[in-house]
Amino acid sequence: MPQADVLTASIAMAVTYSVIGLFVLVVFMFLSLIVLRIVVARRERAFDGKVEEIRPVVYELLTGDSPAGEVVAELHATIPMQDRRALEYVLLENARVLKGRELEILTMVFEQLGYADEDITTIRHGRDIKKAESAFHLGTMRTARAVPYLVSLLSSSSPEVKFSALNALSKIGTPDAIAAVMEYLATDNDLETMRVAEVILERKQAFSPYLEEWLKRGEADIPRLELLIDLV
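Predicted, not measured: the structure shown is a model, and the values here were computed from it.

Novice: Outline helix α3 (residues 84-95), supporting the account with residue identities and numerical values.
Specialist: Taking 1.5 Å of rise per residue, twelve residues should cover 16 Å, and α3 covers 17 Å from first to last C-alpha, within 8% of that figure. Of all twelve residues in α3, nine are buried, a share of seventy percent or more. Buried within α3 we find Arg 84, Ala 86, Leu 87, Glu 88, Val 90, Leu 91, Leu 92, Asn 94 and Ala 95.

See below:
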């Protein structure tokens, strides 16, 4: 067989094997995605089932007369460690509906179970998406000791992280948290007006004195002055 024909046959065989290999790889990836989706769906169903199971237990404990320490002890006794994420989800869920003493108990329970410490650690060392999520948790739980860590997020380059921190600070609502939001509003040069306004308007009573005093002092920046007038 001529050398040119041998070379052509070799190239054709190499191309054939490459096509077959590529086809096998695509099929393998497709099957892997199917298996992964099945595994994820199964885990999601298990998680949702666990949430449904512990939701009434947690709500009954939080709305009872027991102090936070007893609630924590009961949760430790009835909910295993492998369900810790489901418990956190239910606690955050309850923070949106509980008020007054019940919310105070919930905040203390969240602290004593170590979730606040985990979120603060994430704020210090986590990725941006996780920092924003942890800021949301701490704000939802009104965790006052997290204020300095949330303030540190206001210098982040991520708009989502900054907004999540501002929102959390407004929900915590302590004087230092409110002052931090106002300081950010006064000094930030790349103000995302509508998003910051949304944060402030959620807590009108807390922010009104600051806004009125600021407006009396005057503001040289016209867009920020217009924002102040609209908010007041």
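Novice: Summarise the pattern of salt bridges; cite the residues concerned and give the values.
Specialist: Taken as a whole, this structure holds ten salt bridges when the rule is applied. One salt bridge connects Arg 55 with Glu 93, and the closest N-O pair in it is separated by 2.7 Å. With Arg 55 in helix α1 (residues 3-62) and Glu 93 in helix α3, this residue pair connects regions lying 38 residues apart in the sequence. Judged by relative accessible area, which is 25%, Arg 55 ranks as partly exposed. With its nearest N and O atoms 2.4 Å apart, the salt bridge here joins Asp 117 to Arg 145. With Asp 117 in helix α5 (residues 115-125) and Arg 145 in the loop between α6 (128-140) and α7 (147-152), this pair connects stretches of sequence that are 28 residues apart. Classification of Asp 117 as partly exposed rests on a relative accessible area of 39%. Several salt bridges converge on common partners, so that one network encompasses Arg 84, Arg 85, Glu 88 and Glu 118.

Novice: Describe the packing of aromatic side chains, naming the residues involved and giving the relevant values.
Specialist: Following the criterion strictly, the structure yields one aromatic pair and no others. Over the ring of Tyr 115 we find Arg 84, and its NZ or CZ is 4.2 Å from the ring centre.

Novice: Would you mind going over unusual backbone geometry in detail, with residue names and values included?
Specialist: Although it is not a glycine, Arg 142 sits at a positive phi angle of roughly 55°. You can see Arg 142 is positioned in the loop between α6 and α7.

Novice: Which residues make up the packing of α5 against α6, and what values do they have?
Specialist: Direction vectors running N to C along α5 and α6 enclose 145°, while the axes themselves pass 8 Å from each other. Read as a crossing pair, α5 and α6 show a hand that is left-handed. Along its contact with α5, which presents Ala 116, Asp 119, Ile 120, Thr 122 and Ile 123, the element α6 presents Lys 130, Lys 131, Ser 134, Ala 135, His 137 and Leu 138. Class assignment for the residues of the contact of α5 with α6 results in five nonpolar, three polar and three charged.

Novice: Help me get a handle on the packing of α6 against helix α8 (residues 159-172), residues and values and all.
Specialist: Viewed as axis vectors pointing N to C, α6 and α8 meet at an angle of 10°, and their least axial separation amounts to 8 Å. It follows that α6 is roughly parallel to α8 by the angle criterion. On α8, the residues touching Asp 128, Lys 131, Ala 132, Ala 135, Phe 136, Leu 138, Gly 139 and Thr 140 of α6 are Glu 160, Val 161, Ser 164, Ala 165, Ala 168, Lys 171 and Ile 172. Grouping the amino acids of the contact of α6 with α8 by side-chain chemistry returns eight nonpolar, three polar and four charged.

Novice: Residue-level account of α8, with values.
Specialist: Compared with the 20 Å implied by 1.5 Å per residue over 14 residues, the 20 Å span of α8 between its first and last C-alpha is a close match. Burial of α8 is extensive: eleven of the 14 residues sit out of reach of the surface. Among the residues of α8, Val 161, Lys 162, Phe 163, Ser 164, Ala 165, Leu 166, Asn 167, Ala 168, Leu 169, Ser 170 and Ile 172 are the ones counted as buried. Where α8 terminates, the next one or two residues include Gly 173, which has phi positive at roughly 70°.

Novice: Could you give an account of the environment of Ser 155, naming the residues involved and the relevant values?
Specialist: Among the secondary structure elements, Ser 155 is positioned in the loop between α7 and α8. The exposure class of Ser 155 is exposed, given its relative accessible area of 65%. For the pair Ser 155 and Tyr 184, spaced 29 residues apart in sequence, the C-alpha to C-alpha distance is 9.4 Å. A polar contact of 3.0 Å, which involves the side chain of Ser 155, links it to the backbone oxygen of Ser 152.

Definitions and limits used
Here, residues in each chain are numbered from 1, in the same order as that chain's written sequence. pLDDT decides what is reported in this predicted model: residues at 70 or higher carry local features, side-chain atom pairs at 80 or more are listed and counted, and totals for whole chains, interfaces and linings draw on all residues regardless. No hydrogens and no water enter the side-chain calculation; it runs on all heavy atoms of the structure. For helices the rule is a DSSP run of H or I covering at least 4 residues; for strands it is a run of E covering at least 2, with both sets numbered from the N terminus onward. Take the number of residues in a helix, subtract one, and multiply by 1.5 Å to get its expected span. Each residue is placed in one exposure class: buried if its accessible area under a 1.4 Å probe, protein chains only, is under 20% of its type's maximum, exposed if it is over 50%, and partly exposed if it falls in between. Each salt bridge in this description consists of a side-chain nitrogen of Lys or Arg and a carboxyl oxygen of Asp or Glu lying within 4 Å of one another. Aromatic contacts are taken between Phe, Tyr and Trp rings whose centres are within 6.5 Å, Trp giving its six-membered ring; a plane angle under 30 degrees counts as stacked, one over 60 as edge-to-face, and the others as tilted. Two conditions define a charge sitting above a ring: the NZ of Lys or the CZ of Arg must be within 6 Å of the ring centre, and it must be within 35 degrees of the ring normal. Simply put, an axis is a line fit to the C-alpha atoms, just over the touching stretch for a helix, and the angle between two N-to-C directions goes from 0 to 180 degrees. A clockwise turn of the near helix away from the far one marks a right-handed crossing, whereas an anticlockwise turn of less than a right angle marks a left-handed crossing. Contact criterion: two residues are considered in contact whenever any of their non-hydrogen atoms come within 4.5 Å of each other. The classification used treats Ala, Val, Leu, Ile, Met, Phe, Trp, Tyr, Cys and Pro as nonpolar, Asp, Glu, Lys and Arg as charged, and all other residues, Gly among them, as polar. Oblique is the label for any angle not under 35 degrees, not over 145, and not in the 65 to 115 range, which are roughly parallel, roughly antiparallel and roughly perpendicular in turn. N or O atoms closer than or at 3.5 Å make up a polar contact, with two conditions inside protein: a donor-capable atom paired with an acceptor-capable one, and, for residues adjacent in sequence, both atoms drawn from side chains.

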